[in-house]
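Geometric and topological summary
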Amino acid sequence: MRSLTPRGALGRCVLAAAFALAAGLTTLSPLARPAAAADGLQQVTDFGSNPGNLAMYEYAPADLPADAPLVVAMHGCTQSAGDYHSHSGWRKFADAWGFAVVYPQTSAANNSLSCFNWFDPAEDTRGRGEAASVVQMVEHAAARYGTDRDRVFVTGLSAGGGMTSNLLAAYPDVFAGGAVNSGLPAQCATSVSAASGCQYSDQRLTPEQWGDKVRGSYPGYTGPWPRVAIWQGTADRTVAPVNGTELRDQWTDVWGIGQTASGTRTLPGGTTETTYDDSTGRPAVALFSVAGMAHGLAVSPGSGTDQCGSTGTYYLNHICSSYYTGKFWGLDDAPDDGGTLPAPAGLTVTGTTDTGASLSWSAVNGAASYAVYRDGTRVGSPTGTSFSDTGLSAGTAYRYTVAAIDFSGAEGARSGAVTATTTGAAAKCYTASNYHHVAAGRAHHSGGYTYANGSDQNMGLYNVFVTHTLKETSPGYFVLADGGC
């Protein structure tokens, strides 16, 4: 996956073939609901006219209810549907939260590296090529499973991430949300020759120019835009971290919410999540920057609730991105179980420190306990009407809501949100050329290369033509933060 275009194909086609052979996939007639295969993954044929010459695979847990969500998961170059199904962790959450997954698969017949053609207007635009084939898969699966059409999502890695961006732009009427993992902004490149520039270089476009590429993908569209999660490693040398920033600029502009963060939080695996809220206070865009991660999909093998996947080529042990993506989309929301308790009133921030926040609210009659949510994630279940959250970052804003839980375990309505900002100074970020970082004392150079002070991360050549963002996480300690700060 050194390149997301057809360069360096020899050997990678062999690897793609090996993945396909190892997957052990079965073929399914579209006439009936699939029976479970050994790994639950089934191939579907005759799902449509298939103008993009793709293969369709799908997975659905047993007894999938009607009106369940649907996730489309797109592999990276040299990979396959079976490979992505095995490593990405989406199967775990399909079983736990109840949704179906469609895995489109390309091949060396389409692209010598088995990449999705995210840089080709004949393949990645509305009604054409591979993009049209993916939407046909969605239509086929949605009809089979009785999918909730308002909860269809798409995610992809690398070239699959680039195609994900284009699908979100071209089909905002189909996809409620997306996740771009180590990928590219929508319509960044429209030719093979331009693709490398997108991968490796800052395109120096304004947020409005990036947003125009989305708006131009479906002219005249006036409906809601997808909610977009962006995953980017700070040590990615295949898709430069600046792509994470460009994706952030693109989708915040489309939403009309600006590039000022609504909140940040620290997650496992050296991950920083930065969110950008819509007018209702709900995150519309989230940028997950994974410190020190190279090119690939973030996984976290293990049996924990927030763990998933397995490591392999381009599956990197940092954090379970599928878990946090699914929560960002709301896939973990339980169905309505009859909970009728009202939302707690009077939610108030009673105090903050550098690393914590304290809350209180009014009691709800019939409540056995309460659920406290920070930035949409449940962080506590107190039986009383107060809660102290800990382990937070200094100088950072966090959004909290609370819901009452009755004695049967049913959760009622959530309260309105309050924002708690921890005390102390937030981490500072500096964007400059490598030469000026060294001159300012944030980095040093050796053997013609530049290294961040403290973390010693390689920043590339020591000159004025290479630009990076450094984040000072403690006095004199800097880490690469090109994907967001």
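1. Some thoughts on the side chain of Thr422
Locating Thr422 in the fold gives a position in the loop between strand 21 (418-421) and strand 22 (428-433). Looking at Thr422, its side chain comes within polar contact range of the main-chain oxygen of Ser393, at 2.5 Å. In terms of polar contacts, Thr422 uses its side chain to reach the backbone amide nitrogen of Thr396, at 3.0 Å. If sequence neighbours within four positions are ignored, Thr422 has contacts with Thr352, Thr353, Asp354, Gly356, Leu392, Ser393, Ala394, Gly395, Thr396 and Tyr398.

2. Details of the pairing of strand 8 (residues 227-233)
With respect to burial, strand 8 is a largely interior element, 7 of its 7 residues being buried. Judged by which residues are buried, strand 8 turns out to be covered on both faces: Arg227, Ala229, Trp231 and Gly233 on one side and Val228, Ile230 and Gln232 on the other are all buried. Where strand 7 (residues 177-181) meets strand 8, 5 bridges bridge the pair, whose relative direction is parallel. Within strand 8, the position partnered with Asn181 by the bridge is Trp231.

3. Looking at the side chain of Ser133
For Ser133, the location among the structural elements is in helix 5 (residues 129-145). In this structure Ser133 touches Phe47, Asn50, Pro51, Gly52, Asn53 and Leu54, once residues within four positions along its chain are discounted.

4. Re the sheet that holds strand 24 (residues 449-452)
In space, the 3 strands of this open sheet follow the order 23-24-25, with antiparallel pairing throughout. Either end of the sheet is taken by a strand with one partner, and the two such strands are strand 23 (443-446) and strand 25 (458-461). Strand-to-strand twist of the sheet, defined as the mean angle between neighbouring strand axes without regard to direction, takes the value 25 degrees. Pairing between strand 23 and strand 24: 4 bridges, direction antiparallel. Residue pairing across strands places His444 opposite Tyr451, the latter belonging to strand 24.

5. Here's the deal with unusual backbone geometry
If you check the backbone angles, Asn50 has positive phi at about 55 degrees while not being a glycine. Not every positive phi belongs to a glycine, and Asp63 is a case in point at roughly 60 degrees. One can find Asp63 in the loop between strand 3 (55-59) and strand 4 (70-74).

6. Observations concerning the packing of helix 8 (residues 207-215) against helix 9 (residues 242-255)
Direction vectors running N to C along helix 8 and helix 9 enclose 70 degrees, while the axes themselves pass 7 Å from each other. Taken together, the axes of helix 8 and helix 9 are roughly perpendicular relative to one another. Note that helix 8 runs across helix 9; the crossing there is right-handed. Across from Pro207, Glu208, Trp210, Gly211, Lys213, Val214 and Arg215 in helix 8, the residues of helix 9 making contact are Glu246, Asp249, Gln250, Trp251, Asp253 and Val254. A per-class count over the contact of helix 8 with helix 9 returns 5 nonpolar, 2 polar and 6 charged.

Calculation rules
Residues numbered from 1 in each chain as written. Predicted model: local features only at pLDDT ≥ 70, side-chain atom pairs only at ≥ 80, totals over all residues. Heavy atoms only, no water. Helix = DSSP H or I, 4+ residues; strand = E, 2+ residues; numbered from the N terminus. Polar contact = N/O pair within 3.5 Å; in protein donor to acceptor, adjacent residues only side chain to side chain. Contact = heavy atoms within 4.5 Å. Buried < 20%, exposed > 50% of the residue type's maximum accessible area, 1.4 Å probe, protein only. Pairing = 2+ DSSP bridges. Axes fitted to C-alpha atoms, helices over the stretch in contact; angles between N-to-C directions. Parallel < 35°, antiparallel > 145°, perpendicular 65-115°, else oblique. Left-handed = near helix turned anticlockwise from the far one by under 90°. Nonpolar A, V, L, I, M, F, W, Y, C, P; charged D, E, K, R; others polar.

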